[in-house]
Amino acid sequence: MTTNTELDARSSIRWLWRQLTSMRTALILLLLLGVAAIPGSLFPQRTQNPLAVSDYFKSNPGTAKFLDQLQIFDVYSSPWFSAIYILLFVSLIGCVLPRTFEHLKGIRAIPSLTPKNLNRMEFHTEVVEGTLDGAEAWLRKNRFRIRRDAHSISAEKGFMRETGNLLFHLSLILVLVGVALGSLYGMKGDAIINVGERFINTPTSYDVISFGKLQSEKSLNPFSITATNFKATYDLVTGAPSDFKLNANVANEIGTTEKSQVVRVNSPLTFGSTKVYLQANGYSPLVTVRDKTGEIKYQGAVIFLPQDGNLTSIGAIKVPDMQPQIGFIGSFTPTYERGEGGGAISSYPEVLDPRLLLSIWTGDLGLDSGNPQSVYRLNTSEMKRIGLKTLKLNETHDFGDGSITFEGWTPWVNLQIVSDPGKIYALLGSILAILGLLMSLFTRSRRIWIKENQSKSGVEVAGLAKNAAPGLENEIASLVIKMKG
Amino acid sequence: MNSSDYAYLSNYGVYTAMALFAVAFVAHAVEVAFSVRNLEEKTKFDFSRTKRSGDLGTVMIVLGFISLLLAVIFRGVSAERVPWGNMYEFSITGALAFTGAYIFALWKYKIKWLGLPVAISILLTLGTAITVLYVPSAPLVPALKSAWLVIHVSAAIISGGVFLLANCIAGTYLILDRYEERGGRPEWALKLPSLESLDQLTYRLVALVFPLWTFAVIAGAIWAEAAWGRYWGWDPKETWAFITWVAYAAYLHARVTVGWRGRKAAWLCLFAGSTFLFNYVYVNIWGTGKHTYSGL
Ligand code: HEM
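First, a word on scope: everything that follows refers to the structure included in this document. Note that this is a predicted model, so its numbers are computed, not measured.

## Some points on the coordination of the iron atom of the ligand
Tetrahedral coordination by four donors places them ideally at 109.5 degrees to one another around the metal; octahedral coordination by six donors ideally gives 90 or 180 degrees.
Now for step 1: The protein atoms that coordinate the iron atom of the ligand are His169 of chain A (NE2) and His253 of chain B (NE2), at distances of 1.8 to 1.9 Å.
Now for step 2: What the 6 donor atoms of the iron atom of the ligand show is an angle range of 79 to 179° at the metal, which sorts the shape as octahedral. With His169 of chain A in helix α8 (residues 159-185) and His253 of chain B in helix α7 (residues 236-256), this pair bridges two chains.

## Notes on the pairing of strand β15 (residues 325-333) of chain A
Residue and element names in this part refer to chain A.
Now for step 1: Within β15, 8 of the 9 residues are buried, which leaves the element mostly enclosed by the surrounding structure.
Now for step 2: Pairing of strand β14 (residues 313-319) with β15, which is carried by 7 bridges, proceeds in the antiparallel orientation. In the sheet register, Val319 faces β15, and the bridge partner there is Ile326.
Now for step 3: The loop that links β14 with its antiparallel partner β15 comprises 5 residues.
Now for step 4: Sheet topology note: the β15/strand β18 (residues 355-363) ladder contains 9 bridges and is antiparallel. Its bridge partner lying in β18, Thr333 is registered against Arg355.

## Things to note about the sheet that holds strand β22 (residues 446-452) of chain A
Residues and elements named next belong to chain A.
Now for step 1: Read from one edge of the open sheet, 5 strands run β1-β23-β22-β3-β2, paired in antiparallel fashion. Here the strands that pair on one side only, and so sit at the sheet edges, are β1 (123-127) and β2 (145-148). Direction aside, neighbouring strands of the sheet carry axes that sit 15° apart on average.
Now for step 2: Pairing between β2 and strand β3 (residues 152-157): 4 bridges, direction antiparallel. Its bridge partner being in β3, Ile146 is matched across the sheet by Ala155.
Now for step 3: Most of the contacts of helix α10 (residues 472-484) go to strand β23 (residues 459-465), to which it runs at about 160°, and overall it touches β1, β22 and β23.

## Overview of the interface of chain B and chain A
Now for step 1: Tallying the contact residues gives 46 residues for chain B and 46 residues for chain A.
Now for step 2: Approximately 3,800 Å² of surface area, both sides summed, lies buried where chain B meets chain A, with 67% of it carried by carbon and sulfur atoms.
Now for step 3: Taken together, the links from chain B to chain A amount to 2 salt bridges.
Now for step 4: With a shortest N-O distance of 2.6 Å, Lys423 of chain A and Glu225 of chain B are connected by a salt bridge.
Now for step 5: For the side of chain B that touches chain A, the secondary-structure elements that each account for two or more residues are α6 (195-228), α7 and α8 (262-285) of chain B.
Now for step 6: Here the element with the most residues in the side of chain B that touches chain A is α6 of chain B; it accounts for 16 residues.

## Some points on empty space enclosed by the protein
Now for step 1: If you walk through the whole model with that rule in mind, you get 3 cavities of 30 Å³ or more.
Now for step 2: When its volume is computed, the largest cavity comes out at roughly 50 Å³.
Now for step 3: In this structure, the largest cavity is lined by Leu31, Gly34, Val35 and Ile38 of chain A together with Ile243, Val246, Ala247 and Phe271 of chain B.
Now for step 4: Elements represented by at least two residues in the lining of the largest cavity include exactly α2 (23-37) of chain A together with α7 of chain B.
Now for step 5: Residues that form the lining of the largest cavity fall into these classes: 7 nonpolar, 1 polar and no charged.
Now for step 6: The volume enclosed by the second largest cavity comes to roughly 40 Å³.
Now for step 7: Every residue along the wall of the second largest cavity is listed here: Ala170, Tyr173, Leu198, Asp199, Thr202, Tyr251, Ala265 and Ala266 of chain B.
Now for step 8: Secondary structure elements with two or more residues in the lining of the second largest cavity: α5 (147-181), α6 and α8 of chain B.

## Describing the pattern of salt bridges
Now for step 1: One pass over the full model with this rule turns up 21 salt bridges over all chains.
Now for step 2: As a salt-bridge pair, Arg447 of chain A and Glu156 of chain A come within 3.1 Å of each other at their nearest N and O atoms. Here Arg447 of chain A, found in strand β22, pairs with Glu156 of chain A, found in strand β3; they are 291 residues apart in sequence, far enough to count as distant.
Now for step 3: Between Glu181 of chain B and Arg263 of chain B there is a salt bridge whose closest N-O contact spans 3.0 Å. Placement of Glu181 of chain B in helix α5 and of Arg263 of chain B in helix α8 is noted, with a sequence separation of 82 residues between them.
Now for step 4: Owing to a relative accessible area of 39%, Arg263 of chain B belongs among the partly exposed residues under this scheme.
Now for step 5: Via salt bridges that share partners, Asp133, Glu136, Arg140 and Arg148 of chain A belong to a single interconnected network.

## A word on the nonpolar core
Now for step 1: Core analysis: the biggest nonpolar cluster contains 98 residues, and Val14, Leu126, Leu165 and Trp213 of chain B have the highest contact counts within it.
Now for step 2: When residues of this core are assigned to their parent elements, the largest contribution, 13 residues, is made by α7 of chain B.
Now for step 3: Every residue in contact with Leu126 of chain B, bar those within four places of it in the chain, is listed here: Val14, Ala17, Met18, Phe21, Leu68, Ile92 and Ala95 of chain B.
Now for step 4: Counting residues in hydrophobic clusters, the runner-up holds 47 residues, among them Val287, Val289, Leu358 and Phe406 of chain A.

## A look at the site of the ligand
Now for step 1: Near the ligand there are 23 residues, and of these Arg99, Arg161 and His169 of chain A together with Tyr203 and His253 of chain B occur at the shortest range.
Now for step 2: Here a nitrogen atom of the ligand and a side-chain polar atom of His169 of chain A are 2.7 Å apart.
Now for step 3: Between Tyr203 of chain B and the ligand, the recorded distance is 2.8 Å, taken from a side-chain N or O atom to an oxygen atom.
Now for step 4: Of all elements in the fold, only α2, α6 (79-106), α8 and α9 (423-442) of chain A together with α6 and α7 of chain B reach the threshold of two or more residues within the shell around the ligand.
Now for step 5: Of the residues belonging to the shell around the ligand, the class tally is 16 nonpolar, 5 polar and 2 charged.

## Details of the sheet that holds β18 of chain A
Residue and element names in this part refer to chain A.
Now for step 1: Taking strand neighbours across the sheet as the criterion, the 5 strands line up as β13-β14-β15-β18-β19 in an open arrangement whose pairing is antiparallel. The strands lining the two open edges of the sheet, one partner per strand, are β13 (305-306) and β19 (383-391).
Now for step 2: Here β13 pairs with β14 via 2 bridges, running antiparallel. If you follow Pro306 over to β14, its bridge partner there is Ser313.

Rules used throughout
Residues numbered from 1 in each chain as written. Chains lettered and ligands numbered in written order. Predicted model: local features only at pLDDT ≥ 70, side-chain atom pairs only at ≥ 80, totals over all residues. Heavy atoms only, no water. Donors = N, O, S within 2.8 Å, 3.2 Å for Na, K, Ca; no water. Tetrahedral: all angles 85-135°; square planar, octahedral: opposite > 155°, others 65-115°. Helix = DSSP H or I, 4+ residues; strand = E, 2+ residues; numbered from the N terminus. Buried < 20%, exposed > 50% of the residue type's maximum accessible area, 1.4 Å probe, protein only. Pairing = 2+ DSSP bridges. Axes fitted to C-alpha atoms, helices over the stretch in contact; angles between N-to-C directions. Contact = heavy atoms within 4.5 Å. Buried area = accessible area lost by both parts, 1.4 Å probe. Salt bridge = Lys/Arg side-chain N within 4 Å of Asp/Glu carboxyl O. 1 Å grid on protein atoms, 1.4 Å probe; cavity = no way out; pocket = protein on both sides within 12 Å on 5 of 7 lines; lining within 4 Å. Points joined across faces, edges and corners; volume = space filled by probe spheres on them. Nonpolar A, V, L, I, M, F, W, Y, C, P; charged D, E, K, R; others polar. Core = buried A, V, L, I, M, F, W, Y, C linked by side-chain atoms within 4.5 Å. Near = heavy atom within 4 Å. Polar contact = N/O pair within 3.5 Å; in protein donor to acceptor, adjacent residues only side chain to side chain.

This is the structure in structure tokens:
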């Protein structure tokens, strides 16, 4: 009884395996993978555009909840998407590995026997003056693999076709391994630093950071980057950026000598498998806040976030050391212009005529409440507004409890720091895949047979081209001419 | 000459090419319409009647190609970069690649009969480009400044040209197949190649460009890695490039390993080609994501 069910189980597993590794299943899975990728391009994805996802939730709460259960907002990491490609690659392995072993064995093998009836083949002719020796000479010269029997020759060419085909499919597996390694052992984070500041690669230096499933904080490379100069160039007419260039002093380990390097949008810094990209830029106004007695309570560059292409930027200045606490909601315009509604906007992204617009708040900043706060926003729930002011460069405003001075500005840059140890395998796999494809698609694979005619003198010649590849007819014609001559 | 002179020259090149393609269109239409009229015996044709018209069409298409080539080059000179920065430029370069693929196929496979659908397609593409998609010549945003732009986009555009050509042939296959099923080809289609050779030609073209398309996708990933810090992010453009890749791989598998021929294969090819077009039109214009550089 037991053995029977065991047998049943084993044979049904074997049956399943055969189904899975059949060409038809692979084809269906392949098409299914294409179809499954579609929803992710039509609906916003959390990994790319979390804001659009929350907007979608706001405007269609019912549908959004339903779609979310189907993981429509996380398509590419969803179990159903993963299931398809994992099945596809199991199928791929199941089909390609046995074929690879078969093919390796075939390297030494000689072509199979000449079939009995050659006149059924695609190309078939009879050559009266031909001999097997003449044919063999021609075939050898043209690098066919030959099997010479007593009364016939069986020859084939185009071994590279299957080699290329297998190389291609095996390389796809390598690409997938690379992708998997990247998602398990990778790391990605963002940090905004003012020009003049130093970034040290520790978790606390980041604004956002995320690690792969099998990766931890300890793995961060010990490097530091000091931003020494940043230059953005814009088109004078349209204001569109034409170049961003960051000069930085870079040290591989803190304390080692620094090297000066240039970072551009398409040329990141490299530390082993970690790369540092220049992703965005903006301005930090420099301010000094004094209390009534003139004592400095805050001084520094405050990072403001750009709101448009001309870098109209907003941010918050918090001064917890004053009694009562003071906060400013600020807007910085590098090139000031009065907007349509009377508000201030920037008309050009470079600093030509800067203004700092402030609304001044007093009360409790809420920093001790324990809830984490954005450094770019002021929590005004416990505060009262006491004034509004637009400052020109070097201007000071006295707001009663103290004063604020607009001293200048410094640019900031957003560094994106990414480590992906798998990408080299993905790249290698891709290159091999293309090589394999070229070998497979452009090698013509064909067979030629020559058999002595039993009844009459001369030989019979026949050929078969795999996949109806062109050119065999001409090849046979030149073989025939050679045999006659 | 300064940059706006070159931009004007480029526009004149596009207009000239359109005029030439329009003549080619008429010439091929005449060739097709009058070639087999008034013949008693349908199996014997006198092509000499319209051969000159067909030849005129070919000459016009070659001249149109040259004119368009100059237009694309001047556009690049005027913007001081490769002319692939927005939808307008993609369209004129794509039309150039398509014409080039046709001329190549004409020379290699003798498929002059395709002149009519090809002339129509190019005219439509250029017409849309110059009316709807036109944007003035301007430099690129920093993320587009890369050698990989040249490599990736040229590979993608050439692939696109050949994909569209394969689609024209697969479409012709399906139309003729329909006629034959209903009792025979109409007169104008009698001199077109047999269904088998159309089927085979479609396969050849796809097999020819599939490696190039694979390369275009990989080059795009390398460029994305250099510019954005990740080689693959399932951005809509990337997703559809992947879908196109999978669809053509499915086509090749269906033909080579499952043995699909003819009608089913032609439909699959049309489907794969339409995923490419969808990517080009929909994702460029209405999509969101890092690749939306249409300039509209
Ligand atoms: C489970 C997955 C897969 C299996 C079992 C499989 C199997 C095969 C086999 C047996 C061939 C033989 C061709 C010949 O006999 O000459 C082939 C060809 C090919 N496969 Fe796959 N494959 C799989 C996945 C893929 C994928 C994911 C792609 C790419 C997207 C792909 C692209 C190709 C191409 C381009 C050819 C060449 C077709 C030709 O010779 O014209 N395959 N595959």
